[in-house]
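Geometric and topological summary
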Amino acid sequence: MNKPALEFSRADLSRGEILTIMVGLGLAMLLSALDQTIVATALPTIGQDLGDFAHLPWIVTAYLVAATAVTPLYGKLADIHGVRVMLLIGIFTFVLGSIACALSPNITALALARAVQGMGGGGLIALAQTIIADLVSVRERGRAVAYFSVVFAGASVGGPILGGVFAEYLHWSLIFWINVPLGLAAFFMSYFKLAQLPLRRHPHRVDIAGAALLVTASVATLVALSWGGVRYPWGSAPVLGPLAIALAGWAIYAWRTKTAEEPLIPLAVLADDVIRNAILSGGFGLGTFVALTMFMPIYFEGALRLSADQSGLALIPLTVATVTGATISGWLLGHVRHYKTAPLVALAAAFLALLAARQFLADLSLAALDALLAIVGLGVGTMLPVTTVCVQSAAPGHNLGTATAVLQFFRQLGAALIVAVFGAIVIGGGHDALAAKAASGADIEALRETFRTAFLVGAMLIAVCFFFLARMEERNLHGEG
């Protein structure tokens, strides 16, 4: 049986110094998490101010594509040069991109600047999680990961509200200027305090060809998924072209991984039962959560006739329950041997909650629907710390950064794929129903029907998440017995 990953000495760090490092890491995570939510409510204002609505989706797509594509590269380089150096590079690049975004004179320049932002932000979450693995013991790691779930919940709830306030009452460029003080604080906290951690460097080689193939395949995949069923029909050339490039890129990358002397993502990492199943479980679970947070406002505003700010508030039970689940699960990781029990029970409840939402949707009040969504959030939340800590515990020390980055990469890729599926169902399959705000009961029922399908698909995805977590070997994280 594999032993937990090597634990480094932390005796020279006081509790206050550890807290300072954790705050700096939290700021770094907030930069990446907030920037994926704060932009959405400001998009109409940006389009009006810059005089270009047609290309607005690129503001979102450019960041998502760049951030996802570079994540595994950050992990590999962190194993070679040290995680502190790569985190500082990521923060610096992100802040530089933020300044370029704020000063952009048109949509094209803004999209390019967002890509620069993504190249910085893509590594921040994975690198911060890697540092946590170096900073605290396996027993404490689940609690630390759970604490950082608060960052993501805050970004999910506060980001859209903050973006709307900036765009409506001040100026949309403030959604990017705000990253400068946050980024500088994260940079200097990381620069001074992380220097006290043991330096973990290993003589790896960077597979340049493999990295180029992975970036090409990821970019093509995400472009196709972002456009398909939303901007262009799935069978159109602008979607089929990137899909063909993606399929070819992934096939060649798979061949390269098998033949390269030291591939970007080592086969030994993915061959490990714990890492492989944890990555797949995390991708399906988190992807379902992200899709629900993106598309539930359409139902709230269309079928329940809520205003935009009310629909944002209606999402709070889903996000808060996710943090609650992560906190409970993270605590259990340090105190119980059978740490999979809680997330498996919670995921089973989430599966039943989505089936209930599908079956009784027409009769559900807002409070009842929010209660069911909270159960789903609780299920996903309990899974996240378990998969993160188990991947880090199973990975050998010299591949810790790579394994953590691969976990984050597949979570982001899974989220993009599942969001595309939900988009095809909700938007691509119900254009008439989306006019339900001012339409008849028949139109509202049509909207409900699209969400019945979405909830059924969501239940199936949660079932897949459950399946891979159940298959994951439950190794002893505490080194006992």
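Remember, predicted model here, so these are calculated numbers, not experimental data. (Residues numbered from 1 in each chain as written. Predicted model: local features only at pLDDT ≥ 70, side-chain atom pairs only at ≥ 80, totals over all residues. Heavy atoms only, no water.)

Within the protein one finds 19 helices and zero strands. Expressed as a percentage of its 481 residues, the buried residues of the protein come to 56%. Contacts in the protein between residues at least 24 apart in sequence constitute 85% of all its contacts with a sequence separation of at least 6. Carbon and sulfur atoms provide 70% of the accessible area of the protein, an area that totals close to 19,000 Å². (Helix = DSSP H or I, 4+ residues; strand = E, 2+ residues; numbered from the N terminus. Buried < 20%, exposed > 50% of the residue type's maximum accessible area, 1.4 Å probe, protein only. Contact = heavy atoms within 4.5 Å. Areas by Shrake-Rupley, 256 points an atom, 1.4 Å probe, with all protein chains shown as cover.)

Turning our eyes to something else, we now look at the packing of aromatic side chains. Considering all chains together, one arrives at seven aromatic pairs under this definition. For the ring pair phenylalanine 187 and phenylalanine 188, a centre distance of 5.5 Å and an interplane angle of 80° mean the geometry is edge-to-face. For phenylalanine 188, a relative accessible area of 45% translates into the label partly exposed. Aromatic pair phenylalanine 451 and phenylalanine 455: ring centres 6.2 Å apart, planes at 55°, arrangement tilted. (Phe/Tyr/Trp six-rings, centres within 6.5 Å; stacked < 30°, edge-to-face > 60°.)

Now for the confidence of the model for the protein. Should the pLDDT be low somewhere, the predicted coordinates at that spot are not to be read in detail. Residues at a pLDDT of 70 or more form 79% of the protein, whose mean pLDDT is 78. Of all helices and strands in the protein, the one with the weakest mean pLDDT is helix α7 (residues 138-169) (69), whereas helix α16 (residues 341-359) scores best (94). Of the regions scoring below 50 in pLDDT, residues 1-11 engages in 26 contacts with residues more than four places distant in sequence or in other chains. Here residues 429-438 is modelled with pLDDT under 50, and outside its nearest four sequence neighbours on either side it reaches 20 contacts, counting other chains as well. (pLDDT = per-residue confidence, 0-100.)

As a further point, take the nonpolar core. Of all hydrophobic cores here, the largest spans 72 residues; its most connected members are Met296, Phe300, Leu369, Phe422 and Phe455. By size, the runner-up hydrophobic cluster in this structure holds 29 residues, among which are Ile21, Met29, Ile91 and Val151. (Core = buried A, V, L, I, M, F, W, Y, C linked by side-chain atoms within 4.5 Å.)

Looking now at the environment of alanine 220. Looking at where alanine 220 falls in the secondary structure, it is placed in helix α10 (residues 208-227). For alanine 220, a relative accessible area of 8% corresponds to the buried category. Separated by 151 residues in the primary sequence, alanine 220 and alanine 69 have C-alpha atoms spaced 10.0 Å apart. Residues contacting alanine 220, with those up to four places away along its chain left out, are Pro242, Ile245 and Ala246.

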